Amino acid sequence: MNAHFIKKSEDSYVMFIGNTMKFYNVNENVKNAVVDIQNGLKKEYILDKYKMTDKIYENIFQTINASEVVGIQPPNDSSLSKLAINVTNKCNLQCKYCYAGGGSYCSDEGLMDLATAKRVIDVFYNKFKSINAIQFFGGEPLLNEPIIRFICEYIAELYNDKKINTMPQFGATTNGTIFSDQLVETIKRFNIFLTISIDGPKEIHDNMRIGKSGKGSFDIIIKNIKKFRSNSIKINASEITFNNSHLKYDYSVLDTIKYLKDNLDIQNIHIVPVSGNSEADYRLPDFNSFPSSVKTIFEEINNKRDYSYSMINRVIQSLRNRTTSRFFCGAGLTDYSVSIKGDIYPCFMFTDIECYKLGNVWSEKSFFDSPEYSTWRNKFLSFNKYECGECAECFNNRICSGCLGINYFNTGNIYKPSKMYCDMQKALTENILLELSKYIKYEEGIS
């Protein structure tokens, strides 16, 4: 992979080496020398052209040809990172940008029953010795609190009987409109990690996240957040869908994060650009709001105010730890999802998309013992963004992450992100590198 240069000033660049995930401050002279080396020009010519010492040349050559970082491989067949269980196929809201057809996906509305819930747990724990996280999903999962409680109790029973070695972290992604005393008891008893979907202040949130009557959901969410907290339940995270309503009210990514952190004390923020129908009025004209947020968020961090969010944090962690993966995400490898009927999918975003239905927990023979499982797993393992398609030539392919489901909805190809998404990811990385480069020294000879 060639070095990638990001211009800082007239004679200053950040040089990023994707293979090693290291970056350097260099001048124009070093930049041009690197380009010549990569173009195969002879050493003697370069030494003379740039009046460069042999030591500096060798340092540069070794830097750009260093051994690449080895990517993280998916875990072996004995463990699973996340199992999403769709305990409902219905929702009490009708968000305008919902990819899941108002929570029902492509099926009739319904709730997972007890027999299916037990079968899901039995099938997956017969295959995997450990499951790190179990995420309750929907629709609106809290509409089916009895099944959430049953699953937690059943897994705890398996653990207490020493039939499984570890307890998973339970989580639920909710629209925040459901509250009951029984729900409080279940969340506290099993330490369920609660993620609430909220898009920002009332005027923005209520423009998109509405009930069946067309009324906004903001007021009831705020009321329930207060109720949960009065019962010593923490709102662990929020999911924000950044959409055209934010632009309409001149609300930036940073403004939105500040609102959630300062007013609602929700510290873990996952904010993403809206996906969906290209003709919809909620669509963003571009995703520039995210790369543009980097400079202002770093300014806040420098002033001891943390308004960062998950996409920025992932890039920084990858650079800091030099961790990379050849996969966009864990769908079909480390993560699975199950519908209310027991259908198995690589991710909850594929629910009821027939061509991505992997199997069913009620099959006479376990899906995980079938040839179909091996075929599907090999398909997911075969993709390598370091080598496949446009990704192979991208400077950002060691850092970028994504979502096969979002790829599917935006381009129809699970391994092809939209151009807008790719441009956003690349610009985000470049802007982060520019900010981080302020803390490293200028490298004349590179070491």
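Shown above is the structure to which this text applies.
Predicted model only: the values in this text are computed from it and were never measured.

Let's talk about helix H15 (residues 419–436)
Since the α-helix advances by 3.6 residues per turn, residues separated by three or four positions end up pointing in the same direction. With 18 residues, H15 extends 26 Å from end C-alpha to end C-alpha; this agrees with the ideal 26 Å at 1.5 Å per step. Taken residue by residue, H15 has Tyr 421, Met 424, Gln 425, Leu 428, Thr 429, Ile 432, Leu 433, Glu 435 and Leu 436 as its buried positions. Down the axis of H15, the buried set is contained in an arc of 165°. They therefore lie on one face.

Observations concerning the environment of Lys 90
In this fold, Lys 90 is placed in the loop between strand E4 (79–86) and helix H4 (114–127). Separated by 15 residues in sequence, Lys 90 and Tyr 105 have C-alpha atoms that sit 8.6 Å apart.

Remarks on the pairing of strand E10 (residues 335–338)
Where a strand is regular, its side chains alternate between the two sheet faces. Every second residue of E10 is oriented toward a common face, with Asp 335 and Ser 337 on one face and Tyr 336 and Val 338 on the other, all of them buried. Examined bridge by bridge, E4 and E10 share four bridges and lie parallel to one another. Pairing of Lys 82 across the sheet is with Asp 335, part of E10. Pairing of E10 with strand E11 (residues 343–345), which is carried by two bridges, proceeds in the antiparallel orientation.

A short note on the packing of aromatic side chains
Counted under the stated rule, the structure contains 29 aromatic pairs. Taking 6.4 Å as the distance between ring centres and 35° as the angle between the ring planes, the aromatic pair formed by Phe 128 and Tyr 336 counts as tilted. Of this pair, Phe 128 sits in the loop between H4 and strand E5 (130–137) while Tyr 336 is found in strand E10, placing the two residues 208 residues apart along the sequence. Judged on exposure class, the residue Phe 128 and its partner Tyr 336 are both buried.

A few points about the packing of helix H11 (residues 289–302) against H15
One can describe the packing of H11 onto H15 by two numbers: an axis separation of 8 Å at closest approach and a directional angle of 20°. Between H11 and H15, the crossing angle belongs to the class labelled roughly parallel. For the pair H11 and H15, the crossing hand works out as right-handed. In this structure, H11 contributes Phe 290, Pro 291, Ser 292, Val 294, Lys 295 and Phe 298 to the contact, and H15 contributes Met 424, Ala 427, Leu 428, Asn 431, Ile 432, Glu 435 and Leu 436. Considered class by class, the residues forming the contact of H11 with H15 number nine nonpolar, two polar and two charged.

Here we look at the side chain of Ser 79
Note on placement: Ser 79 falls in strand E4. Discounting chain neighbours no more than four positions away, the residues touching Ser 79 are Phe 128 and Ser 130.

Considerations on the pattern of salt bridges
Close approach of charged atoms lets side chains of opposite charge pair. This model, assessed by the stated rule, comprises 16 salt bridges. Close ionic contact of Asp 36 with Lys 49 constitutes a salt bridge, the shortest N to O distance being 3.0 Å. Here Asp 36 is found in helix H1 (residues 28–38), whereas its partner Lys 49 is found in helix H2 (residues 43–49), with 13 residues between them in sequence. Looking at Lys 49, the relative accessible area reads 41%, which means it is partly exposed. Between Asp 423 and Lys 419 there is a salt bridge, and its shortest N-O distance comes to 2.7 Å. You can see Asp 423 and its partner Lys 419 sitting in helix H15, four residues apart, about one turn around the helix. On the basis of relative accessibility, which here comes to 33%, the residue Asp 423 falls in the partly exposed class. One salt-bridge network, in which partners are shared between bridges, spans Lys 43, Asp 54 and Glu 58.

Section: the sheet that holds E5
Read across the sheet, nine strands follow the order E9-E8-E7-E6-E5-E4-E10-E11-E12 without closing on themselves; strand pairing throughout is mixed. Each end of this open sheet is capped by a strand with a single partner; those strands are strand E9 (268–273) and strand E12 (359–360).

Regarding unusual backbone geometry
In this structure, Gly 139 follows Gly 138 across a cis peptide bond, with omega equal to 25°. Secondary-structure assignment places Gly 139 in the loop between E5 and helix H5 (145–160). In this model, Asp 250 sits at a positive phi of 55°, which is unusual for a non-glycine residue. Considering the arrangement of structural elements, one finds Asp 250 in the loop between helix H9 (244–248) and helix H10 (253–264). Since its relative accessible area comes to 67%, Asp 250 is described here as exposed. Of note, the phi angle at Asp 265 is positive, near 55°, even though the residue is not glycine. If you trace the backbone, Asp 265 turns up in the loop between H10 and E9.

Rules used in this analysis
Residues numbered from 1 in each chain as written. Predicted model: local features only at pLDDT ≥ 70, side-chain atom pairs only at ≥ 80, totals over all residues. Heavy atoms only, no water. Helix = DSSP H or I, 4+ residues; strand = E, 2+ residues; numbered from the N terminus. Expected span 1.5 Å × (residues − 1). Buried < 20%, exposed > 50% of the residue type's maximum accessible area, 1.4 Å probe, protein only. Arc of directions from axis to C-beta. Pairing = 2+ DSSP bridges. Phe/Tyr/Trp six-rings, centres within 6.5 Å; stacked < 30°, edge-to-face > 60°. Axes fitted to C-alpha atoms, helices over the stretch in contact; angles between N-to-C directions. Parallel < 35°, antiparallel > 145°, perpendicular 65-115°, else oblique. Left-handed = near helix turned anticlockwise from the far one by under 90°. Contact = heavy atoms within 4.5 Å. Nonpolar A, V, L, I, M, F, W, Y, C, P; charged D, E, K, R; others polar. Salt bridge = Lys/Arg side-chain N within 4 Å of Asp/Glu carboxyl O.

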